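Examination of the molecular architecture
Each chain, letter by letter, is given below.
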Amino acid sequence: MEDFIIEKVERKSKVELPENLVFGKIFTDHIFEMDYDESNGGWQKPTIKKFHDLSISPAAMVFHYGQAIFEGLKAYKQVNGKIALFRPEENVKRLNRSARRLCIPEVEPELALKAIKELVRIDKDWIPSKPGYSLYIRPFIIATEPCFGVRASNNYKFMIILSPVGPYYPEGFLPVPIMVTDKYVRAVRKGTGDCKAAGNYAAGLLAQSEAKDEGYSQVLWLDAIEQNYIEEVGAMNIFVRFKDEVATPMLSGSILPGITRMSVIQLLKDWGYNVTERLISIHEVIDAYNNGKLLEIFGTGTAAVISSVSRLKYNDKILQFNDTKPGELATKLYEELTGIQYGKIEDRYGWITYVD
Ligand SMILES: *Cc1c(COP(=O)(O)O)cnc(C)c1O
């Protein structure tokens, strides 16, 4: 594999993190960058250098036609002092899937993985060691060719930046209220909903802000065609625990295939639960609630790991769960996944990649 060009910043003082880490506001000393030039052999030299602002043409295609994709994962300082990544090869696979869908050139998977590991290693002093803290890793690719033509760009920039983050729930693992929307849609089958494409998130902002105005922290999206089947939450997949089944929406083409989702399915199967991936109608969820057959609902995603739902609103119906106590299975999954990530529980699936 190609050697990296590394221009290391020498720090004069120790890294100091503020008491209150707001998600994604502070960045580490270094950035990984690799440019793509179609007319010059494709991907150029992988480089790690001082974190800096970019100089980029206002005509760069990313600003006009939205060719932008990203990933999100974390590095954890484990209880034994080792630095761990959780299934990073899956993030690289998904980055390349998103790339294919948006006509962005793919990145050599081994190189992308090496880039993540090298950057984290160089900035490892930025990984907080307090429980629940971690270093958020954000790989992304943007189209940089200055051109108004509507076609795929001939130039791109692949970057990785890092941000130390605190626990998602500073007050503890608390359930969150969620609102189902049928006023807007996020993604439609055969569109880009199953990619981490930047534009998907812009499309969801209005619904999210209207939900916030009503006191709900997130939106639960329905399928775009029938507005009947539940799909996922802002940046989380969703699981519904019925009395005799734990169901999650099947990957129909408009849902983001979450790595936490995949890991939760595996854990539940191994724990002997009846796990299904299928269509789940919002009306089925409401009926089950009315008949006492609905035990809990929770979301899964890298940021919060597991998020228990306290209340679910759909038009004038409100499904009320425990406001202060997360669901039993949500709690068990949270303990298990964070236990594996922080090295308190044996990594029996080989999900952990160590840096160094
Ligand atoms: C990132 C994301 C998820 C969760 O994926 P993980 O790999 O578990 O972090 C779910 N839905 C959407 C829309 C996302 O962007």
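Criteria and cut-off values
- Residues numbered from 1 in each chain as written.
- Predicted model: local features only at pLDDT ≥ 70, side-chain atom pairs only at ≥ 80, totals over all residues.
- Heavy atoms only, no water.
- Patch = residues over 30% accessible without salt bridge, like charges linked within 9 Å, V, L, I, M, F, W, Y side chains within 5 Å.
- Areas by Shrake-Rupley, 256 points an atom, 1.4 Å probe, with all protein chains shown as cover.
- Salt bridge = Lys/Arg side-chain N within 4 Å of Asp/Glu carboxyl O.
- Buried < 20%, exposed > 50% of the residue type's maximum accessible area, 1.4 Å probe, protein only.
- 1 Å grid on protein atoms, 1.4 Å probe; cavity = no way out; pocket = protein on both sides within 12 Å on 5 of 7 lines; lining within 4 Å.
- Points joined across faces, edges and corners; volume = space filled by probe spheres on them.
- Helix = DSSP H or I, 4+ residues; strand = E, 2+ residues; numbered from the N terminus.
- Nonpolar A, V, L, I, M, F, W, Y, C, P; charged D, E, K, R; others polar.
- Domains from an automatic or database assignment.
- Expected span 1.5 Å × (residues − 1).
- Pairing = 2+ DSSP bridges.
- Buried area = accessible area lost by both parts, 1.4 Å probe.

For the rest of this paragraph, the subject is a nonpolar patch on the surface. Together, Y65, F148 and V150 make up a nonpolar patch on the protein surface, roughly 360 Å² of accessible area in all. Judged by its relative accessible area of 70%, V150 is exposed.

Glancing now at the layout of surface pockets. The space that makes up the second largest pocket amounts to roughly 430 Å³. If you trace the second largest pocket, you find 24 residues lining it, with P131, G132, Y334, T338 and Y342 closest to the centre. Those elements giving two or more residues to the lining of the second largest pocket turn out to be β6 (73-77) and α7 (328-341). When residues of the lining of the second largest pocket are assigned to their parent elements, the largest contribution, 4 residues, is made by α7. Looking at the lining of the second largest pocket residue by residue, the classes come out as 13 nonpolar, 6 polar and 5 charged. For the lining of the second largest pocket, the domains that each give at least three residues are domain 1 (5-165) and domain 2 (176-341).

With that settled, the discussion passes to helix α5 (residues 259-270). Across its 12 residues, α5 extends 17 Å between first and last C-alpha, which sits within 8% of the 16 Å expected from 1.5 Å per residue. Once α5 finishes, G272 follows within two positions and takes phi at roughly 90°, a positive value.

Where burial is concerned, most of strand β10 (residues 176-181) is hidden: 6 out of the 6 residues are buried. Going residue by residue along β10, you find V176, I178 and V180 tucked away on one face and P177, M179 and T181 tucked away on the opposite face as well. As judged from the 5 bridges shared by β10 and strand β17 (residues 305-314), these two strands associate in the parallel manner. By the bridge assignment, P177 is partnered in β17 with R311. Relative to strand β11 (residues 218-222), β10 runs parallel, the two being bridged by 4 bridges. Of the residues in β11, the one forming a bridge with T181 is W221.

What follows concerns the domain arrangement of the protein chain. As far as domains go, the protein chain holds domain 1 (5-165) and domain 2 (176-341). Its C-alpha centre places domain 1 at a distance of 28 Å from the equivalent point of domain 2. When the two sides are added together, the surface that domain 1 and domain 2 hide from each other amounts to roughly 1800 Å², 59% of it contributed by carbon and sulfur. Applying the counting criterion to the domain 1 and domain 2 interface returns 1 salt bridge.

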